[in-house]
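If you want the building blocks of each chain, they are given just below.
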Amino acid sequence: MSRKKEPVSVSNWMTTMFIMCLPVINLIMLFVWAFGDGAPPSKTNWARATLIWMLMGVAMYIFLFLILGVGAYWFSKVAGS
């Protein structure tokens, strides 16, 4: 059985979760695991899914920021009249 097809051990997942707590390093490692060749398929899929969730969170944050900004601008114009 090749190294890439072996299941990921609990200690490997514990190390992964620890790395995810480190700012900036977590993003670098997510890209390495998601698009590199050395990670097992389960970790590759997990890293890709995590990056997608992060991207959706950033998009929702920007959307809400714009909506609230436009709402605040509109309210200041209406209240100021």
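Provided above is the structure to which this section pertains.
Residues numbered from 1 in each chain as written. Predicted model: local features only at pLDDT ≥ 70, side-chain atom pairs only at ≥ 80, totals over all residues. Heavy atoms only, no water.

Engineer: Mind showing me how you'd approach the overall build of the chain here?
Structural biologist: When you go through the chain residue by residue, the secondary structure sums to 3 helices and 0 strands. Starting at the N terminus and walking to the C terminus, you meet the elements of the chain as α-α-α. On C-alpha atoms alone, the chain measures out to a radius of gyration of 20 Å, which is more than a quarter above the 12 Å that the 2.2 N^0.38 rule sets for 81 residues. Expressed as lengths along the three principal axes of its C-alpha atoms, the size of the chain is roughly 75 × 20 × 15 Å. Looking at the chain residue by residue over its 81 residues, the buried ones come to 19%. Expressed as a percentage of contacts within the chain between residues at least 6 apart in sequence, the contacts between residues at least 24 apart total 45%. By element, 77% of the accessible surface of the chain is carried by carbon and sulfur atoms, the whole surface being about 6,500 Å². (Helix = DSSP H or I, 4+ residues; strand = E, 2+ residues; numbered from the N terminus. Rg over C-alpha atoms; globule rule 2.2 N^0.38 Å. Buried < 20%, exposed > 50% of the residue type's maximum accessible area, 1.4 Å probe, protein only. Contact = heavy atoms within 4.5 Å. Areas by Shrake-Rupley, 256 points an atom, 1.4 Å probe, with all protein chains shown as cover.)

Engineer: Can you walk me through the packing of helix H1 (residues 10-20) against helix H2 (residues 25-35) in this structure?
Structural biologist: Packed helix pairs are specified by the crossing angle of their axes together with the interaxial distance, meaning the distance between the axes. Contact geometry for H1 and H2: axes closest at 8 Å, N-to-C directions at 135°. With respect to H2, the axis of H1 lies oblique. Here Thr16, Ile19 and Met20 of H1 lie close against H2, whose contacting residues are Ile25, Asn26, Met29, Leu30 and Trp33. Taken together, the residues that form the contact of H1 with H2 break down as 6 nonpolar, 2 polar and no charged. (Axes fitted to C-alpha atoms, helices over the stretch in contact; angles between N-to-C directions. Parallel < 35°, antiparallel > 145°, perpendicular 65-115°, else oblique. Nonpolar A, V, L, I, M, F, W, Y, C, P; charged D, E, K, R; others polar.)

Engineer: Got a minute to help me understand the side chain of Thr44 in this structure?
Structural biologist: Following the sequence through the fold, Thr44 ends up in helix H3 (residues 41-80). A distance of 3.4 Å separates a polar atom in the side chain of Thr44 from the backbone oxygen of Trp33. Those residues in contact with Thr44 that sit more than four places away from it in its chain are Trp33, Ala34 and Ala39. (Polar contact = N/O pair within 3.5 Å; in protein donor to acceptor, adjacent residues only side chain to side chain.)

Engineer: Mind showing me how you'd approach the nonpolar core here?
Structural biologist: The nonpolar side chains of soluble globular proteins are, as a tendency, buried together. Counting 8 residues, the largest nonpolar core is built from Ile19, Met20, Leu30, Trp33, Ala34, Ala39, Ala47 and Leu51. Ranked by residue count, the leading element in this core is H2, at 3 residues. Look past the residues within four positions of Leu51 in its chain and what remains in contact with it is Leu30, Phe31, Ala34 and Phe35. (Core = buried A, V, L, I, M, F, W, Y, C linked by side-chain atoms within 4.5 Å.)

Engineer: Where do I start with H3 in this structure?
Structural biologist: Owing to its 3.6 residues per turn, the α-helix aligns residues three or four sequence positions apart on the same side. Here H3 contains 40 residues, and its C-alpha end-to-end distance of 58 Å stays within 8% of the 58 Å for a straight helix at 1.5 Å per residue. For H3, every residue scored as buried is listed here: Lys43, Thr44, Ala47, Thr50 and Leu51. Those residues of H3 that are buried lie in contact with H1 and H2. (Expected span 1.5 Å × (residues − 1).)

Engineer: Hey, could you run me through the packing of H1 against H3 in this one?
Structural biologist: Their axes nearest at 13 Å, the elements H1 and H3 cross at an angle of 25°. With respect to H3, the element H1 is oriented roughly parallel. When you trace H1 past H3, the crossing you get is right-handed. Across from Asn12, Trp13, Thr16, Met17 and Met20 in H1, the residues of H3 making contact are Ser42, Lys43, Trp46, Thr50 and Met54. The residue inventory of the contact of H1 with H3, partitioned by class, reads 5 nonpolar, 4 polar and 1 charged. (Left-handed = near helix turned anticlockwise from the far one by under 90°.)

Function cannot be inferred from these measures alone, as they are strictly geometric.
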